[in-house]
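These are the residues of each chain, in order.
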Amino acid sequence: MKKYSKEFLQKLYRTMLRIRVCEESLVDPILKKEVLCPVHLCSGEEAVAVGVCAALDDKDFVFGNHRSHGHFIAKGGQVKEMVAEIYVKETGCSRGRGGSMHLIDPEKGMLGSAPIVSGTISLAVGAALAFSIRKEKQVSVSFFGDGATNEGVLFECMNLAALRKLPVIFVCENNFYATHMPVAECRPDCNIVDIAKPFNISSVRVDGNNVLDVFEAAKQAVTACREGHGPFFIEAVTYRLRGHVGPDDNIQGLHTDIRPQEEVDIWKKKDPVINFEKQLLDNDILSESEVSKIKKEIDKEIREAHVFADNSSYPKESELNAYVFK
Amino acid sequence: MSSNNRKLQYSLAGNEAFHQIMEEDESVFLIGQGVKSPWYVGNTARGLLERFGPERVIDTPVSENAVTGAAVGAAITGMRSVVVHPRMDFMIYALDPIINQAANWYYMNGGKSSVPVVFWSIINRGGEQAAQHSQALHTILAHIPGLKVVMPSTPYDAKGLMISAIRDDNPVVYIDDRWLHNVEGVVPEEIYEVPIGKGAIRRKGNDVTLVGVSFIMCHVLEAAAELAKENIDVEVIDLRTIKPLDKDLVLKSVKKTGRLVVADGGWKTYGLTAEISAFVFEEAFYSIKAPVVRVTLPDSPAPASSVLEKAYYPTTKDIVEAIRRIVKKKPVRR
């Protein structure tokens, strides 16, 4: 921990906390049906997004999936624009046309997210292809879940990327569940990290709840890609503390969350935000008063994002077809 | 058999079809993402896993292409496969086995091998789910030679068309709509078929022919009832199957009324309404007294914002107004 600057560690903590507070701030509005669009909260998975994005520059690109609030924020996306999008307002990052599952901030290199499982992996490969054609040193990152490793297109992408040594980092956020299906019911072998090996892609499995472990793996991947030794595969082992969609699949009456309570409890103890905070306090990187100041600032920021969303207008009916073609 | 007036929800009517045909025919099996999760397929798969076991009720990884291809392969080799795509959008990954393989298989193999597979997919939209969770792609499939496409709008048809689809020796695309799942209607308890390729007249009338299919039939019937108050006499046709089309039923009606309005929950351009209009103009041109009017989605992806959703999805009012454009109000008879 000593090898990192205080500013850097504090930034990691702030970003993780920003994601967590933002996610949890959505729980009530969802339950009260103020937020209607499907929302896939990433509470518990913050360290993956933050660790990976900390190794990237603004000009590096990221593509996400249905659960991408964390990717958007970690890549530097405007929180208030994301919250406004979740409320499907005209001021949202996708102007109310996309909702929670379609988040974009091109200026920050957040190039989009989409809920078709595996659907954006090839797009990340395409971005890396463009870098390679233009002989640029940027890298492209694809975030996907363990469920996506069951789709054929991922394997086609790994093959293509390896064949052309493309600067793309495949980041599998393994949270052990593809919606209602445990990973062991989806795969005969749960060592996802191994799927990259037949393609001669360097791969590493990390504790996805430890932001510094994720950062180190991502840094190694980014360096390899920038030096022309891409692609790279990271399996980040993590867990979602909320339901697949919404705060809790069971609360919503569907009783589809079949995760054993003991399992959830074990992972609650591995909370990436709380544990990192404790680590920072224990190592005297941050004081109690600094932590409480940061928390206040972030609470305020997220409250303001909700106010911004509240005060924003919905898209106009007359502009229904506004973005069909450029 | 007990009462012929038993009412059942649409989703449970489909469910009963599975229970009965899987009991009757051991070659029938159900495979697809979420068949054990009510969240994916609603009540349509209730009790099937418990009754028929995991060999014949197979929940799968998210591998649409492989799972659909496997269903086709099993159908070629003696099974009657039903593969479910709980959202039509997710089925796009599976268009290769559906179109290149299953649809062409019987023809390109000179009739030596057929594909008794049902591609069951659910249109699942609204609720601000946006563009990749809302698409109704029925006309893409209906365009393909070698595929039959059915879209039941009532619980009775949901059951009978599923039975017919499974018993058919050809690939059949069975499309239901989540918005229909809670609709109740009379469903006989015994196993029965609704013939593929046959529409139904839901209401007799003389002033205008109003054609619809699947969920939009709810709006179509409301519109006809509302116009009846103005003494506009609407003949309502539920296509039930969009490929092969029951052209005779539509033509006979249009020849009587001279006017046609077509409503569809899909997009307008190159869509179902275009096809219906085209064959009516080809085959009943001299009977037509007024322009055809189409009520469809605009040619736009589905928006997230519910404000835009309201503008996006056709309503009863849109259909009423469409008909008023080509049928003049008649004085109410006393």
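**A short note on the overall build of chain A**
Thinking step 1. Looking only at helices and strands, chain A features twelve helices and eight strands.
Thinking step 2. Over its C-alpha atoms chain A spans a radius of gyration of 19 Å, differing by no more than 12% from the 20 Å that the globule rule assigns to 326 residues.
Thinking step 3. Dimensions of chain A, computed from C-alpha atoms along their principal axes, come out at roughly 55 × 50 × 40 Å.
Thinking step 4. In chain A, which comprises 326 residues, the share counted as buried stands at 54%.
Thinking step 5. Within chain A, contacts between residues separated by at least 24 positions form 74% of all contacts whose residues are at least 6 apart in sequence.

**Observations concerning the interface of chain A and chain B**
Thinking step 1. In this complex, chain A contributes 30 residues to the contact, which on the side of chain B involves 29 residues.
Thinking step 2. For the side of chain A that touches chain B, the per-class residue count stands at 17 nonpolar, ten polar and three charged.

**A look at the pairing of strand E7 (residues 202-207) of chain A**
Thinking step 1. In this sheet, strand E8 (residues 232-237) of chain A lies alongside E7 of chain A in parallel orientation, the contact comprising six bridges. Paired with Ser202 of chain A across the two strands is Phe232 of chain A, which belongs to E8 of chain A.

**Description of the domain arrangement of chain B**
All names here are of chain B.
Thinking step 1. Assigned domains of chain B: these are domain 1 (9-186) and domain 2 (200-326).
Thinking step 2. Distance between the C-alpha centres of domain 1 and domain 2: 26 Å.
Thinking step 3. Each partner contributes residues to the interface: domain 1 has 24 residues there, and domain 2 has 21 residues.
Thinking step 4. When contributions to the side of domain 1 that touches domain 2 are tallied by element, the ones reaching two or more residues are helix H6 (138-142), strand E6 (148-150), helix H7 (155-167) and strand E7 (172-177).

**Points about the environment of Cys53 of chain A**
Residue and element names in this part refer to chain A.
Thinking step 1. Mapped onto the secondary structure, Cys53 falls in helix H3 (residues 46-53).
Thinking step 2. For Cys53, a count of 28 C-beta atoms within 10 Å gives the class buried.
Thinking step 3. Setting aside its immediate chain neighbours within four residues, Cys53 contacts Val62, Ala74 and Lys75.

**Concerning the sheet that holds strand E13 (residues 260-267) of chain B**
Residue and element names in this part refer to chain B.
Thinking step 1. If you trace the five strands from one edge of the open sheet to the other, you get E9-E11-E10-E13-E14, paired in mixed fashion. Whereas interior strands pair on both sides, the edge strands pair on one side only; in this sheet they are strand E9 (200-203) and strand E14 (293-297). Between one strand axis and the next, the sheet turns by 25 degrees as a mean value, whatever way the strands run.
Thinking step 2. In this structure, strand E10 (residues 208-212) lies alongside strand E11 (residues 234-238), joined through five bridges in parallel fashion. Each bridged residue has a counterpart across the sheet, and for Val211 the counterpart in E11 is Ile237.
Thinking step 3. Its contacts with the sheet place helix H9 (residues 247-257) against E10, E11 and E13, and it is angled at close to 155 degrees to E10.
Thinking step 4. Of the strands in this sheet, E10, E11, E13 and E14 are in contact with helix H12 (residues 316-326), which crosses E14 at around 160 degrees.

Calculation criteria
Residues numbered from 1 in each chain as written. Chains lettered and ligands numbered in written order. Predicted model: local features only at pLDDT ≥ 70, side-chain atom pairs only at ≥ 80, totals over all residues. Helix = DSSP H or I, 4+ residues; strand = E, 2+ residues; numbered from the N terminus. Rg over C-alpha atoms; globule rule 2.2 N^0.38 Å. Buried ≥ 20, exposed ≤ 12 C-beta atoms within 10 Å, placed from the backbone. Contact = placed C-beta atoms within 7 Å. Nonpolar A, V, L, I, M, F, W, Y, C, P; charged D, E, K, R; others polar. Pairing = 2+ DSSP bridges. Domains from an automatic or database assignment. Axes fitted to C-alpha atoms, helices over the stretch in contact; angles between N-to-C directions.

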